[in-house]
Amino acid sequence: MSLKLLDLRVPAYVLFGSQPELTCQWELGPNEMLYSIKWYKDGKEFFRHLPRDPEPYRKFHLPGVEVEKSDALGSNITLSAATLETGGRYRCEISGERPLFHTVSDHADMLIVVLPEYGPAISGFRTHYQIGDRVRVNCTSGRSRPAIRLAWYINGEPAPFSATMTPVVFKDHDGFETTSVGLDFRVTEQHFRNGAFKVKCLATLASIYWRSNEESARNSKTRMIDALEVMPYNATDSDAAKLLPGNFAHKPKFSAILTVPIVQFIIYIYLK
Amino acid sequence: MLVSVPMTQLVAIAGEPVYLPCDIATQDEDDAVLLVLWYREDLGTPIYSVDARERDFGVAERWSDESVFASRAYFLPERRPAELGVDRVRASDQGIYRCRVDFKQAQTRNSRVNLTVIVPPNKMVITDDKGDVKQAIVGPYVEGDTFTLKCDVSGGRPRPWVKWYRDEVEVDTPATALQGNAVRGVIHVGPLTRADVRAALTCRASNHLRAHPIETTLTLDMNFPPLTVHILGSNQPLSASRRYDLLCQSSGSRPPASITWWKNGHRINNAKETLSSDGNTTTSTVSLQLTKADAGAKLACRASNPQMPSVAALEDDWLLDIQYVPETTVRLGTNLDPKNIREGTDVYFDCIIKAHPYVYKVEWRHNRKTLVHNVGQGIIITNQSLVLQGVGRKTAGNYTCVGFNAEGDGESKPFSLNVLYAPTCRSSQQRVHGVAKQERAHITCHVDANPADVSFRWTFNNTANSNEVSDSYVSRSGTSSTVTYTPHTEMDYGTLLCWAHNRIGKQRVPCVYHIIAAGRPDQVHNCTVVNASLTSFGIRCAEGFNGGLPQSFLLEVRDIISQEIVANVSSAVPRFTAVGLEPGKTYASAVLAYNAKGRGDPYPLRASTLRPPEKHHVHDKSLDLPRTAFQISGAMSAAVGGGGVLMVVLVLFMVAVRQRCAKRKPRSAPPPSSQPASPDKLREKDDSESDDRNPDIIPSDTDHMQLDYFRQQQVSTISPPPGNRAPRGSVAGVRGSIPGYCPLRTIPPSTHPQAMHDNSTASSSIPPPARFASGACTLPRGAGACASSGAGIPLQHLRTLPRPLPAPAPAPRHTPRDTPL
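The structure reproduced in this document is the subject of the present report. For every chain, the first residue of its written sequence is number 1, and the numbers climb from 1 along that sequence. All chains are assigned letters beginning with A, and all ligands numbers beginning with 1, in the order in which they are written. Residue-level local features of this predicted model are given only where pLDDT is at least 70; pairs of side-chain atoms are given and counted only at 80 or more, and the full residue set underlies all totals for whole chains, interfaces and linings. With hydrogens and water excluded, all non-hydrogen atoms of the structure serve as input to the side-chain values.

### A word on the overall build of chain B
Operational definition: What counts as a helix is a DSSP run of H or I of at least four residues, what counts as a strand is a run of E of at least two, and both are numbered from the N terminus. Each residue is assigned to one of three classes by its accessible area relative to the maximum for its type, calculated with a 1.4 Å probe on protein chains only: buried under 20%, partly exposed between the two thresholds, exposed over 50%. Residue contacts follow a heavy-atom distance rule, with two residues in contact if any of their heavy atoms lie within 4.5 Å. Methods summary: accessible areas were calculated by the Shrake-Rupley approach with a probe of 1.4 Å, and residue burial reflects only the protein chains presented.
Secondary structure assignment for chain B yields 8 helices and 54 strands. Within chain B, buried positions represent 47% of all 821 residues. Considering only intrachain contacts with a sequence separation of at least 6, the fraction spanning at least 24 residues in chain B is 66%. For chain B, the exposed surface amounts to about 39800 Å²; the carbon and sulfur share of it is 53%.

### Comments concerning the nonpolar core
Residue and element names in this part refer to chain B. Put simply, the rule is: Residues belong to a common nonpolar core when they are buried Ala, Val, Leu, Ile, Met, Phe, Trp, Tyr or Cys residues joined through side-chain atoms within 4.5 Å.
Among the nonpolar cores identified, the biggest contains 31 residues, and L20, I24, V36, W38, F69, F75 and L84 are the most heavily contacted of them. Elements with a contribution of two residues or more to this core: β1 (7-13), β2 (18-22), β3 (33-40), β4 (46-51), β6 (73-76), β7 (82-86), β8 (95-103) and β9 (109-118). For this core, the element with the most residues is β8, which contributes 4 residues. Apart from the residues lying within four places of it in its own chain, the contact partners of L20 are L10, W38, F69, A82, E83, L84, V86, Y97, V113 and L115.

### Quick notes on the interface of chain A and chain B
A common way to report how large an interface is uses the accessible area buried once the components associate. To keep things clear, this is the line we draw: A quick way to say it: buried area is the sum, across both parts, of accessible area lost when two parts are put together, with a 1.4 Å probe. Salt bridge criterion: a side-chain nitrogen from Lys or Arg within 4 Å of a carboxyl oxygen from Asp or Glu. Whenever a nitrogen or oxygen atom comes within 3.5 Å of another N or O atom, the pair is scored as a polar contact, on the condition that within protein one atom can donate a hydrogen and the other can accept it, and that pairs from neighbouring residues in sequence are kept only if both atoms are in side chains.
With 27 residues of chain A in contact, the opposing surface of chain B contributes 28 residues. Buried area between chain A and chain B, summed over both chains or domains, comes out near 2100 Å², and the portion from carbon and sulfur atoms is 41%. Looking at the side of chain A facing chain B, the largest losses of area belong to A:Y35, A:R98 and A:F101, adding up to 25% of the total buried there. Our enumeration of links across chain A and chain B arrives at 6 salt bridges. For the interface between chain A and chain B, the tally reads 19 residue pairs in polar contact (both at pLDDT 80 or more).

### Details of the pattern of salt bridges
Per the counting criterion, the structure on display carries 50 salt bridges over all chains. With a closest N to O distance of 3.4 Å, B:R520 and B:D601 form a salt bridge. With a gap of 81 residues between them, B:R520 in the loop between β46 (511-517) and β47 (525-530) and B:D601 in the loop between β53 (598-599) and β54 (603-608) connect regions that are remote in the sequence. What makes B:R520 buried here is its relative accessible area of 7%. Taking the relative accessible area as the measure of exposure, B:D601 reaches 7% and is therefore buried. Several salt bridges share partner residues, and in doing so they unite A:K38, A:E45, A:R48, A:E93, B:R98, B:R100 and B:D102 into one network.

Put into structure tokens, the structure is as follows:
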């Protein structure tokens, strides 16, 4: 048994709309001939190459799967732009010629990724805190597939577990997901550096998406009554909007237009 | 893996075929199946392939992995869906199979089959409480036992279930899993009863409904002691000396009972056992011949189970009641000496009887003839005893008694009764001896005596005297004595008397032998014609005295007219038949006797043949009825006419004889009226002393004995008359009849002897008739002549014979040496 499958490369995360490239490398034994290489997605054949068949390359249409190009061996194929249906389990199956029809195969899963249109948004953070004040804020990601992972930082340091709430993921009917996670701690003297401290929410998706939002507050030196902590404070809203333009209601379109191509570019560079 | 590839679940029983589905159908007419590949998921290489890429699918190249299905696999494309058949599925065939169908155009089609192979359990081991492995039979157990069987089943996949059944009814079976894939099922049985025998205990195990279960059936074996034992037909009486086949039956034993027989605690060994077809009943047959000694013995039949020696045998007993043929013994009365029983003694016997059942009858037998109680004959039978009063010699013999019961007749050994008696003269002897002078005669005296050791004494008597006969003329042989005697003179004729005696006594009455001068035979008499036919007639006569010598007889038949002899027949007896005669003719016949001394007087008579039938009737009246008389009278008239002179002479002679008889009369002995009665109650006619050769007497009647008796009394001059014999009632009658005989003797002289002589000269072989010697009348003739006188006691003439006295010869009689010649 000398036919060997050397390598199967299927991108695990594929940005929605990008064209995934799949590679299957094998090695024939001496005096061994190739009969077929077959590509399946979720058990269904979508491409095959039979070198000695009158029609050596044959594509079969599957939803979200369209082979755009292939090399002569059929071992490197490029799919058309990924849609959500493109995700799934891809299998490469290579068979030798008769009489034994040695067969090797391997498979890998592909996930189609849709990034959020905007970065994580922090809510509930005030502009002034006194030592001893309780800080209770939320960070909510934008809609994405799959869900965004959120993490809190205080003054640039990962927030302790005791201050981090359990993340909550909301799934919409169309499959998009929104992640939200709270942060809850009391302000101490150590938080203040130069009279101010910062909290940051980091949103990540595997290794292809990385965005954060950070806010800063000053020491008010007088402790506010507890009642004020609960009540919404209009002035704070307006402050936050000044500091974080991404949170402005009129900015999302702008962000989406600018951010997505940049990220895609970055990912493209990275993969290359 | 191929999560979206459809998978079919299949279960197969190891050893059976399985069919793995693989859909190769396509709706597109232009499409075609190029290749079918079967994979087992743990292997990278197909295990079966159908390659039709360069040929029609019907002749596609098929290939099967030798290390997997090899020739067991075969593709069945015509089925819907197509199937891969695999024969004789193995446990190692279990797994997930994938079928890949490459079409010419269509997408490759993959499908999967999850094949589960059921491996039935292959090992079942049943052990009992002791851990012994049981194969077909469990036991034997006995009633009340309980036991447990473990059924361990292994070798199956998946783990089998195990169940116990009793006679095909499932029994609650606790089961426990053992190491590996094994399972143990347990059954508890008991307490056992007789009904449990042969129960079928089945352990059955399987691991799939479709799989054949494996099972083992054990038959419950049990041992039972016998329940019953019976001697068949016991307690009825048995006959001794018969062979019986006695049966004893025992039932309920398992294995079959062993039966033994015992008599008074001793084993009887010749029994034979048979077994009923169901094996439940043993029958033992013993062949026994029991004897009287077995009465009361205990016959026992014991049945036991040879496999259960600790259980006591069952026993049936029978106290034997033995019946047997009576055993009898004759015992002579204790005061009697069996060696010394004399005539006249009273003898009695007892019959000693052993019998069961007791005799219903006792019988006595004498010389095998049954005796009847008869007091008059002195035979008295009472109970088991027999009394014989006054035994005689005829009473002697073998006596047995016979006891009768239901078993049979038991006759004793004979008791031989020996009756002793003094000698008596034996009957049927030659009493008259005709002897010529100088002729030597042997006169033998035979006597009966018990004991037979006898001695004899002889005397000779004549009219003059009585002399003892010297022993030198006498020889003896047993109970016979012979005298050799030769008369020399007239005086030597007379009577010889023979006396014998033994230790019982002397002969009371001597044997008497008359020595007479031998002469011609006397004339025959009473001749009659018999059996006349047309050509023959017979003549019968009574013979006369033979003259002291053996006589023969002659018949002459002459034609009356021509006097020619037409028949001449001689015979040892006076019975003749003349044949070859003419019908209706009368012949002159004559019958005469002759002996060595000459011819007797002929007896003439006329005899006729029958006339032819047509004339017969006439002659019947005139001739037939009076024929004899007529013929005799005719003969007499002829004799008178022919010999008148002789008749005159004869008349003169008869007158002379009568005068002599009258002179002797006073010397006659008195009549024997004083004879004593015989003591012999079993008396028979004792003619031992009779003189049946006396020519005066026709030897055809019983009464002549009496005559002889009286004559002997008169002859005897040596022994006194027997003392106490009573006269019999018949004697007088006999005496009265005697004169009737005498005339027969007187008749012959009426035929002139000379005439007969003349008529008989033709026969040369017959001695000529002797002429009467003048005055020499022999004893018998004289007697006949004397009797004709009709005077008094008829035998007186013996002493009045007109014969010459033998006086001149006394000397020779006393010198017997002269007597023999």
